[in-house]
Amino acid sequence: MKQTEHLAQIAACFRCPDFEANLILGGAQYREYAHRAPVAFRGDVSAHLYLVLDGLASADLYGPDGQYARLAGYGAGELFGAYPTAVRHRADIVAEGSLSVLMMETAFISGLAHAHARIAQGISELMARQLDLLLDRMAARIGLSANGRFYQALLSRADSDGWIKPLPVVSAMAVGVNTTRETASRALAHLLRRGIVKRHDHGLEIVSIRMLEDLVI
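Model, not experiment: these values are computed from the prediction.

Reading the values: the criteria
Residues numbered from 1 in each chain as written. Predicted model: local features only at pLDDT ≥ 70, side-chain atom pairs only at ≥ 80, totals over all residues. Heavy atoms only, no water. Helix = DSSP H or I, 4+ residues; strand = E, 2+ residues; numbered from the N terminus. Pairing = 2+ DSSP bridges. Axes fitted to C-alpha atoms, helices over the stretch in contact; angles between N-to-C directions. Parallel < 35°, antiparallel > 145°, perpendicular 65-115°, else oblique. Left-handed = near helix turned anticlockwise from the far one by under 90°. Contact = heavy atoms within 4.5 Å.

A.B. asks: I'd like to hear about unusual backbone geometry, residue by residue, with values.
C.D. replies: A cis amide bond links tyrosine 83 to the next residue, proline 84, at an omega of 5°. Tracing the chain through its elements places proline 84 in the loop between strand 6 (79-81) and strand 7 (87-88). Despite not being glycine, arginine 15 shows a phi value in the positive range, around 50°. Residue placement: arginine 15 occurs in the loop between helix 1 (2-14) and helix 2 (18-26). Backbone geometry places arginine 36, a non-glycine residue, at a positive phi of 70°. Of note, arginine 36 is situated in the loop between strand 1 (28-33) and strand 2 (38-40).

Here it is in structure tokens:
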């Protein structure tokens, strides 16, 4: 069952047909990490590309004086690691909440991209979307309130029908928008009380996208 799910996730993320998705899956390894478990350490050689299936991977950096900085967060459907060649990790990569990924050797996925135009196009489009999302997150940190950043994150995760599946981990989302779990929990509770969002066993339903967009300030 997991292989079928992983195949569908690869096809959706890389926007490639099942034939190419099967090629990628054939060289991928499934990995799960518990909360705050290390995925990679700063300075280590990175020779793998990771596709996040569920959860959040956080790129953490500690300065000489112990000062902490979060460089980036990688959510479901996003890539991190090395491509098209091996590099050194610029930061520690740790799991925020439960994290599941598909890990692919950089040389393997780079070779597939050279041999299959659709895979190369899928990777380039995925990375371009990811860059846009990263810039949006940076702009939000400067220009939006903590609640506004959380609401924008909900909107970005929703599909065309207003569903966020599976249920998001609030603490992981809080880290992703640079706020506290308590603040994010209160922001979500506000939406639930007003009926803007409904909670279901299998996900969140945004009942009024327009009303949620109006709260992104």
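A.B. asks: How would you sum up the pairing of strand 11 (residues 203-206)? Please name residues and give values.
C.D. replies: Taken together, the 2 bridges between strand 9 (residues 163-164) and strand 11 define a ladder with antiparallel strand orientation. Across the sheet, the residue bridging to tryptophan 163 is glutamate 205, located in strand 11. Pairing between strand 10 (residues 197-200) and strand 11: 4 bridges, direction antiparallel. In the sheet register, lysine 198 faces strand 11, and the bridge partner there is glutamate 205.

A.B. asks: Any details on the packing of helix 5 (residues 146-157) against helix 7 (residues 181-194)? Residues and values, ideally.
C.D. replies: Look at helix 5 against helix 7: their axes get within 10 Å of each other, and the N-to-C directions meet at 65°. Of the possible angle classes, the one that applies to helix 5 and helix 7 is roughly perpendicular. Crossing of helix 5 against helix 7: the hand is right-handed. Residue-level contacts link Ala146, Asn147, Phe150, Tyr151 and Leu154 of helix 5 to Thr183, Ala184, Ala187, Leu188, His190 and Leu191 of helix 7.

Any functional reading would require information that these geometric values do not contain.
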